[in-house]
Amino acid sequence: MRSRSILVPLVLSLMAGGLSMPVLADDAALLRQLQEQMQQMQAQIEALNNKLAEQSESQKKVADTVTKNEKEDKARRAAAEVYGILSLSADFNSDDFGDGDKGWGLKDNVSRFGFRGDIPTTLGGNTSVFYNAEMQYGAANETTVSNANQFQMMQGFVGLKGDWGSARLGRLTVPYKAVYAAIDPWVDRVAQARQGGRQGASALNANYFNNTVEYISPDLSGFKLSGWLSRQFDNEDTATTGFLHNAAPINQFKGGSSYGLGARYEKGSWLASLDWIEFDADAIAAQAATIKNLSNESGIKLTGRYKAKDWSVAAHYEDTEDIGLGKNYYLNGIYNLDKLRLVATLGRNENARTYMTGTTNLNALYNNADTWSFGGLYQIAKSTDLFVVYNSRTQDRNISATVGDDLDTLSIGLITNFSSK
(Lines give C-alpha, C1' and ligand atoms only; values in the text may rest on other atoms or scores of the structure.)
Protein backbone atom coordinates (compact mmCIF):
# COMPACT_ATOMS: atom_id res chain seq x y z
CA MET A 1 0.00 0.00 0.00
CA ARG A 2 2.86 2.39 0.84
CA SER A 3 4.56 1.92 -2.55
CA ARG A 4 1.34 2.71 -4.33
CA SER A 5 0.88 5.96 -2.45
CA ILE A 6 4.35 7.11 -3.53
CA LEU A 7 3.88 6.15 -7.18
CA VAL A 8 0.75 8.19 -7.71
CA PRO A 9 2.29 11.64 -6.98
CA LEU A 10 5.32 10.78 -9.09
CA VAL A 11 3.20 9.95 -12.11
CA LEU A 12 1.19 13.13 -11.69
CA SER A 13 4.37 15.24 -11.49
CA LEU A 14 5.79 13.68 -14.66
CA MET A 15 2.53 14.35 -16.47
CA ALA A 16 2.53 18.04 -15.41
CA GLY A 17 6.12 18.50 -16.53
CA GLY A 18 5.46 16.93 -19.89
CA LEU A 19 2.49 19.14 -20.50
CA SER A 20 4.33 22.46 -19.70
CA MET A 21 7.21 22.06 -22.18
CA PRO A 22 5.11 22.72 -25.29
CA VAL A 23 3.57 25.79 -23.57
CA LEU A 24 6.99 27.33 -22.90
CA ALA A 25 8.03 26.72 -26.48
CA ASP A 26 4.95 28.61 -27.79
CA ASP A 27 5.73 31.68 -25.57
CA ALA A 28 9.28 31.90 -26.87
CA ALA A 29 8.08 31.82 -30.46
CA LEU A 30 5.52 34.53 -29.76
CA LEU A 31 8.19 36.69 -28.12
CA ARG A 32 10.48 36.34 -31.13
CA GLN A 33 7.59 37.24 -33.43
CA LEU A 34 6.76 40.35 -31.42
CA GLN A 35 10.40 41.40 -31.38
CA GLU A 36 10.60 41.10 -35.16
CA GLN A 37 7.42 43.17 -35.54
CA MET A 38 8.80 45.82 -33.20
CA GLN A 39 12.01 45.97 -35.23
CA GLN A 40 9.99 46.43 -38.40
CA MET A 41 7.90 49.16 -36.77
CA GLN A 42 11.05 50.89 -35.51
CA ALA A 43 12.47 50.85 -39.00
CA GLN A 44 9.24 52.31 -40.37
CA ILE A 45 9.30 55.03 -37.68
CA GLU A 46 12.86 55.94 -38.54
CA ALA A 47 11.99 56.05 -42.24
CA LEU A 48 9.02 58.33 -41.52
CA ASN A 49 11.17 60.56 -39.31
CA ASN A 50 13.74 60.88 -42.06
CA LYS A 51 11.04 61.67 -44.57
CA LEU A 52 9.49 64.30 -42.29
CA ALA A 53 12.92 65.82 -41.67
CA GLU A 54 13.50 66.08 -45.40
CA GLN A 55 10.07 67.67 -45.89
CA SER A 56 10.73 70.09 -43.01
CA GLU A 57 14.08 71.07 -44.48
CA SER A 58 12.46 71.58 -47.86
CA GLN A 59 9.70 73.69 -46.31
CA LYS A 60 12.30 75.71 -44.40
CA LYS A 61 14.19 76.41 -47.64
CA VAL A 62 10.94 77.51 -49.28
CA ALA A 63 10.08 79.70 -46.28
CA ASP A 64 13.59 81.19 -46.24
CA THR A 65 13.31 81.92 -49.95
CA VAL A 66 9.91 83.58 -49.46
CA THR A 67 11.24 85.61 -46.52
CA LYS A 68 14.28 86.65 -48.51
CA ASN A 69 12.13 87.66 -51.47
CA GLU A 70 9.80 89.62 -49.16
CA LYS A 71 12.76 91.41 -47.58
CA GLU A 72 14.23 92.21 -50.98
CA ASP A 73 10.84 93.42 -52.22
CA LYS A 74 10.39 95.54 -49.08
CA ALA A 75 13.90 96.94 -49.51
CA ARG A 76 13.18 97.77 -53.15
CA ARG A 77 9.94 99.51 -52.23
CA ALA A 78 11.66 101.37 -49.38
CA ALA A 79 14.45 102.44 -51.71
CA ALA A 80 12.09 104.14 -54.17
CA GLU A 81 8.59 105.12 -53.05
CA VAL A 82 6.29 107.32 -55.10
CA TYR A 83 3.82 109.16 -52.88
CA GLY A 84 1.54 112.14 -52.90
CA ILE A 85 -1.44 114.09 -51.64
CA LEU A 86 -4.46 115.44 -53.53
CA SER A 87 -6.32 118.08 -51.53
CA LEU A 88 -9.14 120.16 -53.05
CA SER A 89 -11.93 122.20 -51.55
CA ALA A 90 -14.81 124.49 -52.43
CA ASP A 91 -14.37 127.66 -50.33
CA PHE A 92 -16.77 130.53 -49.64
CA ASN A 93 -15.09 133.78 -48.51
CA SER A 94 -16.92 136.68 -46.89
CA ASP A 95 -17.17 140.12 -48.49
CA ASP A 96 -14.31 141.46 -46.36
CA PHE A 97 -11.85 139.57 -48.53
CA GLY A 98 -12.47 142.10 -51.31
CA ASP A 99 -12.82 141.71 -55.07
CA GLY A 100 -10.98 138.76 -56.52
CA ASP A 101 -11.15 136.74 -53.32
CA LYS A 102 -14.71 136.96 -52.00
CA GLY A 103 -17.48 134.50 -52.92
CA TRP A 104 -17.27 130.84 -53.96
CA GLY A 105 -14.29 129.23 -55.63
CA LEU A 106 -12.45 125.94 -56.05
CA LYS A 107 -9.12 125.82 -54.25
CA ASP A 108 -6.12 123.52 -54.38
CA ASN A 109 -4.68 122.98 -50.88
CA VAL A 110 -1.03 122.29 -51.78
CA SER A 111 -1.49 119.03 -53.68
CA ARG A 112 1.89 117.39 -54.23
CA PHE A 113 3.77 114.29 -55.27
CA GLY A 114 7.30 113.11 -54.68
CA PHE A 115 9.89 110.40 -54.42
CA ARG A 116 11.51 109.20 -51.22
CA GLY A 117 13.58 106.25 -50.15
CA ASP A 118 15.74 104.51 -47.61
CA ILE A 119 18.81 102.56 -48.83
CA PRO A 120 21.00 100.43 -46.50
CA THR A 121 24.76 101.09 -46.51
CA THR A 122 27.89 99.21 -45.41
CA LEU A 123 28.84 101.86 -42.85
CA GLY A 124 27.59 99.96 -39.79
CA GLY A 125 25.40 101.23 -36.97
CA ASN A 126 22.29 100.44 -39.06
CA THR A 127 23.23 103.43 -41.22
CA SER A 128 21.19 104.04 -44.35
CA VAL A 129 20.87 106.73 -46.99
CA PHE A 130 17.51 108.52 -47.02
CA TYR A 131 16.25 111.08 -49.49
CA ASN A 132 13.18 113.05 -50.55
CA ALA A 133 12.32 115.05 -53.67
CA GLU A 134 8.87 116.69 -53.61
CA MET A 135 6.93 118.91 -55.99
CA GLN A 136 3.71 120.90 -55.56
CA TYR A 137 1.26 121.08 -58.45
CA GLY A 138 -1.86 123.21 -58.81
CA ALA A 139 -4.62 120.64 -59.24
CA ALA A 140 -7.31 123.31 -59.54
CA ASN A 141 -5.33 126.24 -60.99
CA GLU A 142 -5.23 127.60 -64.51
CA THR A 143 -2.91 125.83 -66.94
CA THR A 144 -1.49 128.94 -68.61
CA VAL A 145 2.25 129.08 -69.18
CA SER A 146 2.52 132.16 -66.98
CA ASN A 147 0.96 130.51 -63.95
CA ALA A 148 3.87 129.84 -61.60
CA ASN A 149 1.62 127.88 -59.25
CA GLN A 150 1.36 124.90 -61.59
CA PHE A 151 4.62 123.34 -60.44
CA GLN A 152 6.82 124.35 -57.54
CA MET A 153 9.70 122.50 -55.97
CA MET A 154 9.11 121.79 -52.30
CA GLN A 155 11.25 119.79 -49.90
CA GLY A 156 14.38 118.16 -51.32
CA PHE A 157 17.23 116.54 -49.39
CA VAL A 158 19.63 113.63 -49.01
CA GLY A 159 21.22 112.37 -45.80
CA LEU A 160 22.32 109.52 -43.56
CA LYS A 161 20.55 108.04 -40.54
CA GLY A 162 21.27 105.24 -38.11
CA ASP A 163 21.68 104.34 -34.43
CA TRP A 164 23.65 107.59 -34.03
CA GLY A 165 20.79 109.84 -35.22
CA SER A 166 20.29 111.51 -38.60
CA ALA A 167 22.04 114.16 -40.70
CA ARG A 168 20.75 115.63 -43.96
CA LEU A 169 21.23 118.60 -46.25
CA GLY A 170 19.05 120.37 -48.81
CA ARG A 171 15.82 122.39 -48.73
CA LEU A 172 14.34 121.31 -45.42
CA THR A 173 11.40 121.32 -43.06
CA VAL A 174 13.47 122.14 -40.00
CA PRO A 175 12.45 120.95 -36.50
CA TYR A 176 11.05 124.42 -35.68
CA LYS A 177 8.39 123.93 -38.35
CA ALA A 178 8.03 120.13 -38.04
CA VAL A 179 6.69 120.23 -34.48
CA TYR A 180 4.01 122.73 -35.55
CA ALA A 181 2.92 120.43 -38.40
CA ALA A 182 2.63 117.61 -35.85
CA ILE A 183 -0.07 119.39 -33.82
CA ASP A 184 -2.17 121.24 -36.43
CA PRO A 185 -4.77 118.98 -38.13
CA TRP A 186 -5.61 121.70 -40.70
CA VAL A 187 -2.14 122.09 -42.24
CA ASP A 188 -2.38 123.48 -45.81
CA ARG A 189 -6.09 124.29 -45.44
CA VAL A 190 -7.82 127.56 -44.61
CA ALA A 191 -8.05 126.88 -40.85
CA GLN A 192 -4.32 126.23 -40.43
CA ALA A 193 -2.69 128.34 -37.72
CA ARG A 194 0.04 129.56 -40.08
CA GLN A 195 -2.46 130.96 -42.64
CA GLY A 196 -1.04 134.33 -43.64
CA GLY A 197 1.16 134.16 -40.54
CA ARG A 198 -1.83 135.58 -38.63
CA GLN A 199 -3.87 132.72 -37.13
CA GLY A 200 -1.68 131.63 -34.22
CA ALA A 201 1.57 130.60 -35.94
CA SER A 202 4.10 132.77 -37.77
CA ALA A 203 5.34 132.27 -41.33
CA LEU A 204 8.38 130.51 -39.83
CA ASN A 205 6.10 127.47 -39.60
CA ALA A 206 5.51 127.48 -43.37
CA ASN A 207 7.52 126.37 -46.37
CA TYR A 208 11.26 125.54 -46.21
CA PHE A 209 14.72 126.80 -45.35
CA ASN A 210 17.12 126.71 -48.31
CA ASN A 211 20.73 125.44 -48.39
CA THR A 212 20.32 123.83 -44.98
CA VAL A 213 22.19 121.19 -42.99
CA GLU A 214 20.51 119.50 -40.01
CA TYR A 215 21.37 116.99 -37.28
CA ILE A 216 18.87 115.20 -35.01
CA SER A 217 20.08 112.97 -32.18
CA PRO A 218 18.90 109.38 -31.62
CA ASP A 219 15.96 108.80 -29.30
CA LEU A 220 17.13 109.18 -25.68
CA SER A 221 14.24 107.78 -23.62
CA GLY A 222 11.81 109.92 -25.59
CA PHE A 223 14.10 112.96 -25.95
CA LYS A 224 15.64 114.17 -29.21
CA LEU A 225 17.99 117.13 -29.64
CA SER A 226 18.37 119.00 -32.93
CA GLY A 227 20.43 121.68 -34.60
CA TRP A 228 20.33 123.19 -38.10
CA LEU A 229 21.98 125.90 -40.21
CA SER A 230 20.81 127.61 -43.39
CA ARG A 231 23.69 129.32 -45.16
CA GLN A 232 24.24 131.37 -48.33
CA PHE A 233 27.50 132.40 -50.00
CA ASP A 234 28.99 135.79 -49.08
CA ASN A 235 27.12 138.73 -50.65
CA GLU A 236 24.59 136.41 -52.29
CA ASP A 237 21.68 138.80 -51.88
CA THR A 238 20.66 139.81 -55.40
CA ALA A 239 17.06 140.21 -56.53
CA THR A 240 16.84 136.56 -57.57
CA THR A 241 19.29 134.77 -55.26
CA GLY A 242 20.20 134.41 -51.63
CA PHE A 243 16.79 133.58 -50.16
CA LEU A 244 17.21 131.94 -46.76
CA HIS A 245 13.54 130.92 -46.72
CA ASN A 246 10.86 130.42 -49.38
CA ALA A 247 7.75 131.84 -47.68
CA ALA A 248 6.75 135.50 -47.50
CA PRO A 249 7.63 137.60 -45.62
CA ILE A 250 10.61 135.46 -44.48
CA ASN A 251 11.94 135.48 -48.03
CA GLN A 252 12.96 139.10 -47.39
CA PHE A 253 15.99 137.74 -45.50
CA LYS A 254 18.74 137.52 -48.14
CA GLY A 255 22.26 136.10 -47.85
CA GLY A 256 24.04 135.35 -44.59
CA SER A 257 22.58 132.63 -42.41
CA SER A 258 19.80 131.43 -40.14
CA TYR A 259 20.11 128.68 -37.57
CA GLY A 260 18.27 127.00 -34.73
CA LEU A 261 18.37 124.54 -31.84
CA GLY A 262 15.62 122.35 -30.43
CA ALA A 263 14.75 119.79 -27.77
CA ARG A 264 11.75 117.52 -28.23
CA TYR A 265 10.16 114.92 -25.93
CA GLU A 266 7.63 112.47 -27.38
CA LYS A 267 6.60 109.34 -25.51
CA GLY A 268 3.26 107.71 -24.85
CA SER A 269 0.52 110.33 -24.74
CA TRP A 270 2.87 113.30 -24.38
CA LEU A 271 4.69 115.62 -26.77
CA ALA A 272 6.67 118.68 -25.65
CA SER A 273 9.13 120.80 -27.58
CA LEU A 274 11.28 123.89 -27.10
CA ASP A 275 12.73 125.54 -30.24
CA TRP A 276 14.95 128.58 -30.78
CA ILE A 277 15.71 130.38 -34.06
CA GLU A 278 18.11 133.18 -35.08
CA PHE A 279 18.55 135.28 -38.25
CA ASP A 280 21.84 136.80 -39.39
CA ALA A 281 21.08 137.83 -42.98
CA ASP A 282 23.32 140.04 -45.10
CA ALA A 283 20.30 142.07 -46.25
CA ILE A 284 16.58 142.40 -45.58
CA ALA A 285 14.74 143.22 -48.80
CA ALA A 286 11.49 145.12 -49.39
CA GLN A 287 11.73 147.20 -46.21
CA ALA A 288 9.09 149.91 -45.97
CA ALA A 289 10.36 153.49 -46.02
CA THR A 290 8.95 154.28 -42.59
CA ILE A 291 9.10 150.92 -40.80
CA LYS A 292 11.77 148.30 -40.43
CA ASN A 293 9.43 145.35 -40.88
CA LEU A 294 11.89 142.55 -40.11
CA SER A 295 15.09 142.37 -38.05
CA ASN A 296 18.05 140.05 -37.64
CA GLU A 297 16.92 138.82 -34.25
CA SER A 298 15.91 135.58 -32.52
CA GLY A 299 12.64 133.85 -31.66
CA ILE A 300 11.48 131.03 -29.41
CA LYS A 301 8.58 128.57 -29.45
CA LEU A 302 7.14 126.24 -26.80
CA THR A 303 4.85 123.41 -27.97
CA GLY A 304 2.85 120.77 -26.12
CA ARG A 305 0.26 118.07 -26.81
CA TYR A 306 -1.56 115.40 -24.82
CA LYS A 307 -3.37 112.49 -26.49
CA ALA A 308 -5.96 110.33 -24.76
CA LYS A 309 -7.87 107.42 -26.30
CA ASP A 310 -10.69 109.51 -27.81
CA TRP A 311 -9.44 113.08 -27.56
CA SER A 312 -6.38 115.31 -27.63
CA VAL A 313 -5.41 118.87 -26.81
CA ALA A 314 -2.43 120.81 -28.20
CA ALA A 315 -1.02 124.32 -27.92
CA HIS A 316 1.99 126.46 -28.64
CA TYR A 317 3.37 129.86 -27.68
CA GLU A 318 5.68 131.56 -30.16
CA ASP A 319 7.58 134.77 -29.42
CA THR A 320 8.98 136.15 -32.69
CA GLU A 321 8.25 139.81 -31.91
CA ASP A 322 11.93 140.84 -32.13
CA ILE A 323 12.13 139.37 -35.65
CA GLY A 324 9.01 141.33 -36.62
CA LEU A 325 6.49 138.49 -36.71
CA GLY A 326 4.81 139.23 -33.38
CA LYS A 327 3.72 136.93 -30.60
CA ASN A 328 1.57 133.93 -31.53
CA TYR A 329 -0.76 131.78 -29.46
CA TYR A 330 -2.47 128.61 -30.68
CA LEU A 331 -4.77 126.03 -29.07
CA ASN A 332 -6.75 123.12 -30.50
CA GLY A 333 -8.90 120.28 -29.22
CA ILE A 334 -9.79 117.11 -31.13
CA TYR A 335 -12.50 114.57 -30.27
CA ASN A 336 -12.69 111.22 -32.09
CA LEU A 337 -16.01 109.53 -32.81
CA ASP A 338 -15.11 106.35 -34.69
CA LYS A 339 -14.28 107.63 -38.20
CA LEU A 340 -15.20 111.25 -37.42
CA ARG A 341 -12.77 113.79 -35.89
CA LEU A 342 -14.21 117.02 -34.53
CA VAL A 343 -11.71 119.88 -34.32
CA ALA A 344 -11.93 123.26 -32.58
CA THR A 345 -9.11 125.85 -32.69
CA LEU A 346 -8.20 129.27 -31.31
CA GLY A 347 -5.33 131.46 -32.53
CA ARG A 348 -3.93 134.94 -31.94
CA ASN A 349 -1.20 137.03 -33.57
CA GLU A 350 -0.20 140.32 -31.96
CA ASN A 351 2.30 143.15 -32.48
CA ALA A 352 3.71 141.87 -35.78
CA ARG A 353 5.61 144.80 -37.33
CA THR A 354 5.68 143.22 -40.76
CA TYR A 355 1.87 143.66 -41.03
CA MET A 356 1.93 147.30 -39.81
CA THR A 357 2.68 149.42 -42.86
CA GLY A 358 1.70 153.01 -43.49
CA THR A 359 2.58 154.69 -40.18
CA THR A 360 5.62 155.39 -38.04
CA ASN A 361 3.66 155.40 -34.77
CA LEU A 362 4.00 151.74 -33.86
CA ASN A 363 2.97 152.37 -30.26
CA ALA A 364 -0.43 153.58 -31.45
CA LEU A 365 -1.06 150.85 -34.00
CA TYR A 366 -1.28 147.16 -33.07
CA ASN A 367 -2.59 145.22 -35.99
CA ASN A 368 -3.58 142.12 -34.01
CA ALA A 369 -5.60 139.18 -35.32
CA ASP A 370 -7.83 136.68 -33.50
CA THR A 371 -9.02 133.46 -35.12
CA TRP A 372 -11.31 130.58 -34.25
CA SER A 373 -12.48 127.60 -36.27
CA PHE A 374 -14.67 124.55 -35.93
CA GLY A 375 -14.94 121.57 -38.27
CA GLY A 376 -14.73 117.87 -38.82
CA LEU A 377 -12.91 115.26 -40.85
CA TYR A 378 -14.70 112.03 -41.78
CA GLN A 379 -12.69 109.06 -43.05
CA ILE A 380 -14.51 107.69 -46.09
CA ALA A 381 -11.65 105.39 -47.17
CA LYS A 382 -8.39 104.11 -45.74
CA SER A 383 -6.43 107.16 -46.89
CA THR A 384 -9.18 109.68 -47.74
CA ASP A 385 -10.98 112.25 -45.58
CA LEU A 386 -14.01 114.39 -46.34
CA PHE A 387 -13.74 117.65 -44.38
CA VAL A 388 -15.87 120.67 -43.53
CA VAL A 389 -14.53 123.63 -41.55
CA TYR A 390 -15.66 127.18 -40.75
CA ASN A 391 -12.85 129.64 -40.04
CA SER A 392 -13.29 133.19 -38.70
CA ARG A 393 -10.48 135.76 -38.36
CA THR A 394 -10.99 139.23 -36.89
CA GLN A 395 -8.13 141.72 -37.19
CA ASP A 396 -7.61 145.24 -35.87
CA ARG A 397 -7.98 147.77 -38.64
CA ASN A 398 -4.74 149.00 -40.12
CA ILE A 399 -4.77 152.54 -41.59
CA SER A 400 -3.52 151.17 -44.91
CA ALA A 401 -5.60 148.00 -44.86
CA THR A 402 -7.00 146.90 -48.21
CA VAL A 403 -9.34 144.28 -46.73
CA GLY A 404 -11.96 144.42 -44.01
CA ASP A 405 -11.91 143.43 -40.38
CA ASP A 406 -13.72 140.08 -40.47
CA LEU A 407 -12.42 137.34 -42.76
CA ASP A 408 -14.76 134.32 -42.68
CA THR A 409 -14.45 131.16 -44.77
CA LEU A 410 -16.48 127.99 -45.12
CA SER A 411 -14.43 125.20 -46.71
CA ILE A 412 -15.73 121.79 -47.90
CA GLY A 413 -13.30 119.37 -49.49
CA LEU A 414 -11.51 116.06 -49.87
CA ILE A 415 -7.94 115.05 -49.09
CA THR A 416 -6.47 111.73 -50.20
CA ASN A 417 -3.00 110.22 -49.79
CA PHE A 418 -1.45 107.74 -52.19
CA SER A 419 1.74 105.66 -52.13
CA SER A 420 3.43 102.96 -54.19
CA LYS A 421 4.20 100.96 -51.04
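Predicted model only: the values in this text are computed from it and were never measured. (Residues numbered from 1 in each chain as written. Predicted model: local features only at pLDDT ≥ 70, side-chain atom pairs only at ≥ 80, totals over all residues. Heavy atoms only, no water.)

**Student:** Tell me what's going on with the side chain of Asn-332, and back it up with residues and numbers.
**Tutor:** Relative to the elements of secondary structure, Asn-332 occurs in strand β15 (residues 326-337). Polar contacts involving the side chain of Asn-332 include one to the side chain of Tyr-330, which spans 3.1 Å. Not counting residues up to four positions away in its chain, the partners in contact with Asn-332 are Ile-183, Asp-184, Pro-185, Ser-312, Val-313, Ala-314, Ala-344 and Thr-345. (Helix = DSSP H or I, 4+ residues; strand = E, 2+ residues; numbered from the N terminus. Polar contact = N/O pair within 3.5 Å; in protein donor to acceptor, adjacent residues only side chain to side chain. Contact = heavy atoms within 4.5 Å.)

**Student:** Give me the environment of Gly-255: which residues, what numbers.
**Tutor:** Topologically, Gly-255 is positioned in the loop between β9 (253-254) and β10 (257-267). On the basis of relative accessibility, which here comes to 0%, the residue Gly-255 falls in the buried class. Linking Gly-255 and Gln-232, residues 23 residues apart in sequence, is a C-alpha distance of 5.2 Å. Sequence-distant contacts of Gly-255, defined by excluding residues within four places in its chain, comprise Gln-232, Glu-236, Asp-237, Gly-242, Leu-244, Asp-280, Ala-281 and Asp-282. (Buried < 20%, exposed > 50% of the residue type's maximum accessible area, 1.4 Å probe, protein only.)

**Student:** Just give me the short version of the pairing of strand β4 (residues 128-137), but keep the residues and values in it.
**Tutor:** In terms of strand pairing, strand β3 (residues 112-120) meets β4 through 9 bridges, oriented antiparallel. Across the sheet, the residue bridging to Gly-117 is Tyr-131, located in β4. In the sheet, β4 pairs with strand β5 (residues 151-162) via 9 bridges, with the strands oriented antiparallel. Bridged to Tyr-131 within β5 is Val-158. (Pairing = 2+ DSSP bridges.)

**Student:** Can you lay out the nonpolar core for me, pointing to particular residues and giving the numbers?
**Tutor:** Leu-204, Phe-209, Ile-250, Phe-253, Ile-277, Phe-279 and Ile-323 are the most contacted members of the largest nonpolar core, which totals 19 residues. Beyond its immediate stretch of four places on either side in the chain, Ile-250 contacts Ala-203, Leu-204, His-245, Phe-279 and Leu-325. Ranked by size, the runner-up nonpolar core spans 10 residues in total, among them Trp-186, Ile-334, Val-343 and Leu-377. (Core = buried A, V, L, I, M, F, W, Y, C linked by side-chain atoms within 4.5 Å.)

**Student:** Residues and numbers for the packing of aromatic side chains, please.
**Tutor:** Considering all chains together, one arrives at 13 aromatic pairs under this definition. With centroids separated by 4.7 Å and ring planes inclined at 45°, the aromatic side chains of Phe-209 and Trp-228 adopt a geometry described as tilted. Highlighted residues: Phe-209 in strand β7 (residues 209-216) and Trp-228 in strand β8 (residues 223-231), separated in sequence by 19 residues. Judged by its relative accessible area of 2%, Phe-209 is buried. On the basis of relative accessibility, which here comes to 5%, the residue Trp-228 falls in the buried class. Ring geometry for Tyr-306 and Trp-311: centres 5.6 Å apart, planes at 50°, overall tilted. (Phe/Tyr/Trp six-rings, centres within 6.5 Å; stacked < 30°, edge-to-face > 60°.)

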